[in-house]
Amino acid sequence: MNFVEIKEDSKVYPGEYLLYEPTQTIVLCGAFNRGQDMIRAYGAGKYFEGKINQFKKIEMTRKQHKQHYKSRCKGCGG
């Protein structure tokens, strides 16, 4: 797992997991606004706002993603 700085050309989507550097926790992105230089995120039971440079994107290789992915039960599906 690599943590990558969010640059000018990077895209961050709501629902994406990010690393919040001041507390070193993984949070869920709620809103991304480059014009206001802020990200709203949910983590540790709180919804908070921070500057873009306080967050990093999480990148995983295909192999790492496969190790952590759990499929859902197929019992109810048709």
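Just so we're clear, the structure is a prediction, and the values are computed from it rather than from any experiment.

A. Structural detail: the pairing of strand S4 (residues 38-43). Bridge count for strand S3 (residues 25-33) against S4 is five bridges, and the pairing is antiparallel. Following the sheet pairing, leucine 28 is matched in S4 by tyrosine 42. Taking the residues that link successive antiparallel strands as the turn, the S3-S4 hairpin has four residues, and the phi of aspartate 37 there is positive, at about 55 degrees. With five bridges joining them, S4 and strand S5 (residues 46-50) adopt antiparallel strand pairing. Directly across from isoleucine 39, in S5, lies its bridge partner glycine 50.

B. Layout of the sheet that holds strand S6 (residues 55-59). Read across the open sheet, the six strands follow the order S1-S6-S2-S3-S4-S5; overall the sheet is antiparallel. In this open sheet, the two edge strands, each paired with only one partner strand, are strand S1 (2-5) and S5. Along the sheet, successive strands turn relative to each other by an average axial angle of 45 degrees, direction set aside.

C. Structural detail: a nonpolar patch on the surface. A cluster of nonpolar side chains, contributed by Met1, Phe3, Tyr17, Ile26 and Met60, occupies part of the molecular surface with about 500 Å² of accessible area. Here isoleucine 26 lies in strand S3.

D. Representation of the pattern of salt bridges. Taken as a whole and assessed by the stated rule, the structure comprises three salt bridges. As a salt-bridge pair, glutamate 21 and lysine 56 come within 3.4 Å of each other at their nearest N and O atoms. One end of the pair, glutamate 21, is in the loop between strand S2 (17-20) and S3; the other, lysine 56, is in strand S6, with 35 residues separating them in the sequence. Glutamate 21 gets classed as partly exposed once you look at its relative accessible area, which sits at 27%.

E. Looking closely at the nonpolar core. Counting residues in hydrophobic clusters, the biggest one holds 10 residues: Ile6, Val12, Leu18, Tyr20, Val27, Cys29, Ile39, Ala41, Ile52 and Phe55. Broken down by secondary-structure element, the contributors of at least two residues to this core are S2, S3 and S4. When sequence neighbours within four positions are dropped, the list of residues in contact with leucine 18 reads Val12, Thr25, Ile26, Val27, Cys29, Ile39, Phe55, Lys56, Lys57 and Ile58.

F. Region of interest: the pairing of S2. One ladder, built from four bridges, connects S2 with S3; its direction is antiparallel. Note that in S3 the partner of leucine 18 across the bridge is valine 27. In sequence, S2 turns back onto S3 through a hairpin of four residues, with glutamine 24 there showing a positive phi of about 55 degrees. Of the pairings in the sheet, the one linking S2 to S6 comprises three bridges and is antiparallel in character. Following the sheet pairing, leucine 18 is matched in S6 by lysine 57.

Criteria and cut-off values
- Residues numbered from 1 in each chain as written.
- Predicted model: local features only at pLDDT ≥ 70, side-chain atom pairs only at ≥ 80, totals over all residues.
- Heavy atoms only, no water.
- Pairing = 2+ DSSP bridges.
- Helix = DSSP H or I, 4+ residues; strand = E, 2+ residues; numbered from the N terminus.
- Axes fitted to C-alpha atoms, helices over the stretch in contact; angles between N-to-C directions.
- Patch = residues over 30% accessible without salt bridge, like charges linked within 9 Å, V, L, I, M, F, W, Y side chains within 5 Å.
- Areas by Shrake-Rupley, 256 points an atom, 1.4 Å probe, with all protein chains shown as cover.
- Salt bridge = Lys/Arg side-chain N within 4 Å of Asp/Glu carboxyl O.
- Buried < 20%, exposed > 50% of the residue type's maximum accessible area, 1.4 Å probe, protein only.
- Core = buried A, V, L, I, M, F, W, Y, C linked by side-chain atoms within 4.5 Å.
- Contact = heavy atoms within 4.5 Å.

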